[in-house]
Amino acid sequence: MDTLSALLPGYDLAETPSPDGLPFRQIVATGLLTCRPLLIFLGHADVPTVTGVRVREPGRIPNAWMIDSLLGETLIKPDDCFAAQDVPGREGHVFAREPGNLMAPVYWFDTGLSDTGGMLPDIKTLNASRLYEISWVAWKSG
């Protein structure tokens, strides 16, 4: 918490229960003018390091698709998207990642549907889906 606080002046940090349950933890950073999570740092309860990052703050990542962009405004291809049926709380969402690169960022889009039924929605719905999170693992493999 102290390390992150020093790196993120102007944010309020709080450790909150992980939606993934034990043995995981998360630290949520909110802006002083908003209560919604803007940055989420993930880790294991017994290790003091960050193992994943979720960014939900518009403009936080330069040279990446902007949070709140529509999928149709990006260069992400529908063929590179997957339904998030098996991810609790994200049943109506789709995600995209650079093919074949497990360490690449994951782009999360809200389709506006409550559940996709495990299938990608039609192209009109996909193109109108809104980018709400860019996430990635924070460790090197190998």
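Above this note sits the structure.
Residues numbered from 1 in each chain as written. Predicted model: local features only at pLDDT ≥ 70, side-chain atom pairs only at ≥ 80, totals over all residues. Heavy atoms only, no water.

(A) Highlighting the pattern of salt bridges. All told, the structure shown has 4 salt bridges when counted by the stated rule. Ionic pairing is found between Arg54 and Glu133, a salt bridge with its closest N-O pair at 3.8 Å. Taken together, the residues Arg54 in strand E4 (residues 52–55) and Glu133 in strand E8 (residues 130–137) connect sequence positions 79 residues apart. Neither Arg54 nor Glu133 differs from the other in exposure class; each is buried. Note that Arg90 and Glu133 form a salt bridge whose closest N and O atoms lie 3.1 Å from each other. Residue Arg90 is found in the loop between strand E5 (81–83) and strand E6 (93–97), and its partner Glu133 is found in strand E8; the two are separated by 43 residues along the sequence. Glu133 shares its class with Arg90; the two are buried. Here the salt bridges share partners, and the residues they tie into one network are Arg54, Arg56, Arg90 and Glu133. (Salt bridge = Lys/Arg side-chain N within 4 Å of Asp/Glu carboxyl O. Helix = DSSP H or I, 4+ residues; strand = E, 2+ residues; numbered from the N terminus. Buried < 20%, exposed > 50% of the residue type's maximum accessible area, 1.4 Å probe, protein only.)

(B) View of the pairing of E4. Burial along E4 is two-sided: the face carrying Gly52 and Arg54 and the face carrying Val53 and Val55 are both buried. Examined bridge by bridge, E4 and E8 share 4 bridges and lie antiparallel to one another. Each bridged residue has a counterpart across the sheet, and for Gly52 the counterpart in E8 is Val137. (Pairing = 2+ DSSP bridges.)

(C) Molecular detail of the packing of aromatic side chains. Taken as a whole, this structure holds 2 aromatic pairs when the rule is applied. When the centroid spacing of 5.1 Å and the interplanar angle of 40° are considered together, the rings of Phe95 and Trp108 count as tilted. Placement of the pair is Phe95 in strand E6 and Trp108 in strand E7 (residues 106–110), with a sequence separation of 13 residues. The class of Trp108 is buried, set by a relative accessible area of 9%. Here a set of aromatic residues connected by ring pairs shows up, and it is made of Phe82, Phe95 and Trp108. Its end group placed over the ring of Trp108, Arg90 keeps NZ or CZ at 4.0 Å from the ring centre. (Phe/Tyr/Trp six-rings, centres within 6.5 Å; stacked < 30°, edge-to-face > 60°. Lys NZ or Arg CZ within 6 Å of the ring centre and 35° of its normal.)

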